[in-house]
Amino acid sequence: MIDNTGFGFDDPAEGATRQATVTAVLEYISSVLNVPGIADIEFQRSQSDGSGFLAAAGSLVSVDGDGFKGGFTFDHLTTGVDPSSTAPDGNVTMDFGWPWNSDMGPTPSNEIDLYSVVLHELTHALGIASYASSTGGSKIGSFNAGSGIFSTYDSFLQRGSTGKQLYLAGGVINATSADMRSDDIVFAGPNATMVFGSAPPIHAPSGYSSGSSISHWASSLLPEPVMLASTTGGREGREYLGWEIQALADLGYPLSGQVPDPDPDPDPDPDPDPDPDPDPDGGPMPDGGIDPGFDGGTPIDPGDGGTPTRVGEVGGNTSTLTGTCSVHTTKGAPPWALVVLGLIPLVVRRTRRS
Ligand SMILES: [Zn+2]
């Protein structure tokens, strides 16, 4: 379970706190979703360079034909059937060279909130992520001209002003390069739309940013949702807004019905564990949730019996701190591709205002 590196999640001073924080995030997600399955999320050996990305998360997706895909994490959680006995559904890599707020206390302005970042990255893995490229085609690939492999999230994308759907049934591409830069894309999932009051706007700036554009909510939104394209030191986003939870419902996740709050006002108390189940052993979904494995190395799903293969490489685009969250895709062994989500999620303010 632990590589005993003495660093990161093994840090003698902070490691246990960091593990507890990740566990709290997983418990929060589990409290939001009401799913029969688990997800195998592998925490790979942490980075320590303190440059480039702060955290990255990935999810596998089937490369078996054009159309809309939920990804392995979604499939495993919602069906209870493990898409692969050898590979995890997704993975996370942290860079503990950055100054982290490891615990659940208030985050100083010169630190990055671990809870918020882990929640953000895992939410990409859950499916808040586009597979669209800068031209509107598929980053994953395509089997036929005019269509490609896209995410379920992509199936809800529209031009805000015209209602033009960007991707049609079967992964048919109706998007253009101009759409990707239009600052006029919305997520037209019916549940999110109802609670938000209109279709929530998507981050689609004229200056296209690979991996950041299209896979986050518009940066102008207030109150701030969890899935913003950038954030700052001291910022905390420890709870989904009500309409963000409904976006997960639009992707196909059954909700617990206890956490969703139709009031878009954020709860000022980021209690990560609302303890929705007073009887943890007797709940209707004893296997629900996502199991963490720290620093990788061991199977997370005890039912598999197999050792996860590390598919693909989490990384890339690590040279500069761009202040955005980047979504990359890496071809894994067929028939999978590893969708690496959430590189460079934050702007770090190292200076403190007095
Ligand atoms: Zn992100």
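Residues numbered from 1 in each chain as written. Predicted model: local features only at pLDDT ≥ 70, side-chain atom pairs only at ≥ 80, totals over all residues.

Draft legend 1. The pairing of strand E4 (residues 90–94), seen in detail. Of all five residues that make up E4, five are buried, and the element is covered over most of its length. Because side chains alternate across E4, one face comprises the buried residues Gly90, Val92 and Met94, and the other comprises Asn91 and Thr93, equally buried. In terms of strand pairing, strand E2 (residues 55–62) meets E4 through five bridges, oriented antiparallel. From the neighbouring strand, Ala56 faces E4, where its bridge partner is Thr93. (Buried ≥ 20, exposed ≤ 12 C-beta atoms within 10 Å, placed from the backbone. Helix = DSSP H or I, 4+ residues; strand = E, 2+ residues; numbered from the N terminus. Pairing = 2+ DSSP bridges.)

Draft legend 2. Highlighting helix H3 (residues 114–126). Compared with the 18 Å implied by 1.5 Å per residue over 13 residues, the 18 Å span of H3 between its first and last C-alpha is a close match. After H3 finishes, the residue Gly127 shows a positive phi value of roughly 135°. (Expected span 1.5 Å × (residues − 1).)

Draft legend 3. Expanded view of unusual backbone geometry. In the segment running from Leu222 into Pro223, the intervening peptide bond is cis, with an omega of -5°. On the secondary structure map, Pro223 appears in the loop between helix H5 (190–196) and helix H6 (242–251). Within the chain, Asp183 stands out as a residue other than glycine whose phi angle is a positive 50°. Here Asp183 lies in the loop between helix H4 (177–180) and strand E11 (185–187). Taking the number of C-beta atoms within 10 Å as the measure of exposure, Asp183 has 14 and is therefore partly exposed. The residue Ile214 is not glycine, and still its phi comes out positive at about 75°. By secondary structure assignment, the location of Ile214 is in the loop between H5 and H6. For Ile214, a count of 30 C-beta atoms within 10 Å gives the class buried.

Draft legend 4. Spotlight on the nonpolar core. Counting residues in each nonpolar core, the largest one holds 79 residues, and the members touching the most others are Val25, Ala55, Val118, Leu122, Phe187 and Ile202. The element that contributes the greatest number of residues to this core is H3, accounting for eight residues. (Core = buried A, V, L, I, M, F, W, Y, C linked by C-beta atoms within 7 Å.)

Draft legend 5. Representation of the environment of Tyr240 within the structure. Among the secondary structure elements, Tyr240 is positioned in the loop between H5 and H6. Remark: the alpha-carbon pair of Tyr240 and Tyr28, spanning 212 residues in sequence, is separated by 9.8 Å.

Draft legend 6. Region of the structure containing the packing of helix H1 (residues 15–32) against H3. Two elements in contact, H1 and H3, have axes whose closest approach is 9 Å; the angle formed by their N-to-C orientations is 45°. The angle between H1 and H3 places the two elements in the oblique class. Crossing hand, H1 versus H3: right-handed. Packed against H1, whose contacting residues are Arg18, Thr21, Val22, Ala24, Val25, Tyr28 and Ile29, the element H3 presents Leu114, Tyr115, Val118, Leu119 and Leu122 at the interface. (Axes fitted to C-alpha atoms, helices over the stretch in contact; angles between N-to-C directions. Parallel < 35°, antiparallel > 145°, perpendicular 65-115°, else oblique. Left-handed = near helix turned anticlockwise from the far one by under 90°. Contact = placed C-beta atoms within 7 Å.)

Draft legend 7. Here's a closer look at the confidence of the model for the protein chain. Mean pLDDT over the protein chain stands at 77; residues scoring 70 or higher make up 72%. In this model residues 259–264 is a low-confidence stretch, pLDDT under 50, and it forms 19 contacts with partners more than four residues away in sequence or in other chains. In this model residues 291–334 is a low-confidence stretch, pLDDT under 50, and it forms 132 contacts with partners more than four residues away in sequence or in other chains. (pLDDT = per-residue confidence, 0-100.)

Draft legend 8. Structural detail: helix H2 (residues 72–79). Of all eight residues that make up H2, six are buried, and the element is covered over most of its length. Of all the residues in H2, the buried ones are Phe72, Thr73, Phe74, Asp75, His76 and Leu77. On the buried face of H2, the contacting elements are strand E1 (38–43), E2, E4, H3 and H6. At the exit of H2 stands Gly80, carrying a positive phi of roughly 80°.

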